[in-house]
Amino acid sequence: RFDVELHAAHARLAGGAADYRVPYAAVARLLVLPRPHSPHTLVAVQLDPPLRKGATTYPFLLFQFPDDDELDITLALPADVLAAKNAACGGRLPERLAGSAPDVFARALRGLAGAKLVRTGAFRAADGVSAAVRASLRADDGYLYLLDKAAFYGPKPPTLLPFDDVASVEFVRRGGGVLASSQKTFDLAIRPRAGPELLFRGVARGEWQNLLAFFQAKGVRVDNVRDAAAGAGGGG
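On a predicted model such as this, the values are computed, not experimentally measured, just so you know.

Cut-offs and rules
Residues numbered from 1 in each chain as written. Predicted model: local features only at pLDDT ≥ 70, side-chain atom pairs only at ≥ 80, totals over all residues. Heavy atoms only, no water. Pairing = 2+ DSSP bridges. Helix = DSSP H or I, 4+ residues; strand = E, 2+ residues; numbered from the N terminus. Axes fitted to C-alpha atoms, helices over the stretch in contact; angles between N-to-C directions. Contact = heavy atoms within 4.5 Å. Core = buried A, V, L, I, M, F, W, Y, C linked by side-chain atoms within 4.5 Å. Buried < 20%, exposed > 50% of the residue type's maximum accessible area, 1.4 Å probe, protein only. Polar contact = N/O pair within 3.5 Å; in protein donor to acceptor, adjacent residues only side chain to side chain.

(A) Focus on the sheet that holds strand β5 (residues 40-53). With mixed pairing, the four strands of this open sheet are ordered in space as β6-β5-β4-β9. Among the strands making up the open sheet, the edge pair consists of β6 (56-66) and β9 (116-119). The mean angle between the axes of side-by-side strands here comes to 20 degrees, regardless of whether they run parallel or antiparallel. As defined by bridge partners, strand β4 (residues 27-34) adjoins β5 across seven bridges and the pair is classed as antiparallel. In the strand pairing of β5, L33 is matched with L42. Sheet contacts for helix α2 (residues 101-113): β4, β5, β6 and β9; angle to β6, the most-contacted strand, approximately 135 degrees.

(B) Region of interest: the nonpolar core. By size, the foremost hydrophobic cluster in this structure holds 31 residues, and its most contacted members are V27, V45, L61 and F63. Breaking this core down by element, the ones donating at least two residues are β2 (10-14), β3 (19-23), β4, β5, β6, α1 (79-89) and α2. For this core, the leading source of residues is α2, giving eight residues. If sequence neighbours within four positions are ignored, L61 has contacts with L13, V22, V43, A44, V45, L47 and L51. Core analysis: the next-biggest nonpolar cluster, separate from the first, contains 28 residues, A125, L144, A151 and V166 among them.

(C) Geometry of the sheet that holds strand β12 (residues 150-154). Read from one edge to the other, the open sheet built from seven strands follows the order β13-β12-β11-β10-β16-β15-β14, with strand pairing classed as antiparallel. Since the sheet does not close on itself, it has two edges, and those belong to β13 (159-162) and β14 (166-173), each with one partner. Averaged over all neighbouring strand pairs, the angle between strand axes comes to 30 degrees, with direction disregarded. Pairing between strand β10 (residues 132-137) and strand β16 (residues 198-204): two bridges, direction antiparallel. Paired with L137 across the strands is F200, a residue of β16. The strands that helix α3 (residues 208-217) touches are β10, β11 (140-146), β14, β15 (185-192) and β16; relative to β14, the one it contacts most, it runs at about 165 degrees.

(D) Summary view of the side chain of T159. Among the secondary structure elements, T159 is positioned in strand β13. Judged by its relative accessible area of 16%, T159 is buried. Among the polar contacts listed, one links the side chain of T159 to the backbone oxygen of P157, at a separation of 2.9 Å. In this view, T159 contacts L137, A151, F152, Y153 and L198; residues no more than four positions away in its chain are not counted.

Take a look at the structure:
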C-alpha cells in the first residue's frame, strides 16, 4: 500500500518500506474502470518503461477509489508550469478540479502527464450495467473489460489487449458435445498476434452471444464463428 503524491514532474509512491518516483514521461495511458457490482472504481496507469522492483517489473499501477468519495482540489502549480502542462495536454488541466475521487485523480494525472485517458465504452454485460464480464486468468479471478479499442483484464494480472494486436478469439464450450448444454460457463481464448494465447475461464454462459456480437462488431476474427453462432449450448 502506498500514499500517492502528484508533483509537477513526477508522481511519488510513498510506502512504509520504500518510495518510488514515477516520471510522467513513463505514463503511457490511464484507464478508468468501474468495478462491477462494487462501489469502487479502478484507475489503471500503464507505464512504459515499467516500474522495476528488484528483478520484477510492473507495467501497471492500480489505484482503487470509493465512488462516493468527493474531491475538490486546487493545483499548487506556478502559472507558467500550468500553462505548459495545458499546452501539452490540449488544455484539459484546469487549476481546480472537483468531482468523484477516481475522476479527479484520473483527470489530474492525465493533465500532469499529458497521457491518454480511456473510459469504458458502449459494451454492457448481460446485466445491462457492467462494462466487464467476470473471468479467471491463470489462477486469478477478475474482470475482462471490453473497451472501444482494447480489452483489459484486472485486477490481477493487469493485462491490456489492443484489438489491433489481437489475431483472433475463440469461444470454447466447457465439456463439449452433449455435456455443453448443461454447462453454466464457457472459456474465451484470445490469441495475440505476438505472444502466447490467453485463456479466460469461467465466463457466464449468458455472456456468449453478447461477447460474440461485440467482437464481430469490432472486426476481431472469431476462429470458430459458425460454431460460436450456435451458442453456448450448441452442438460440439
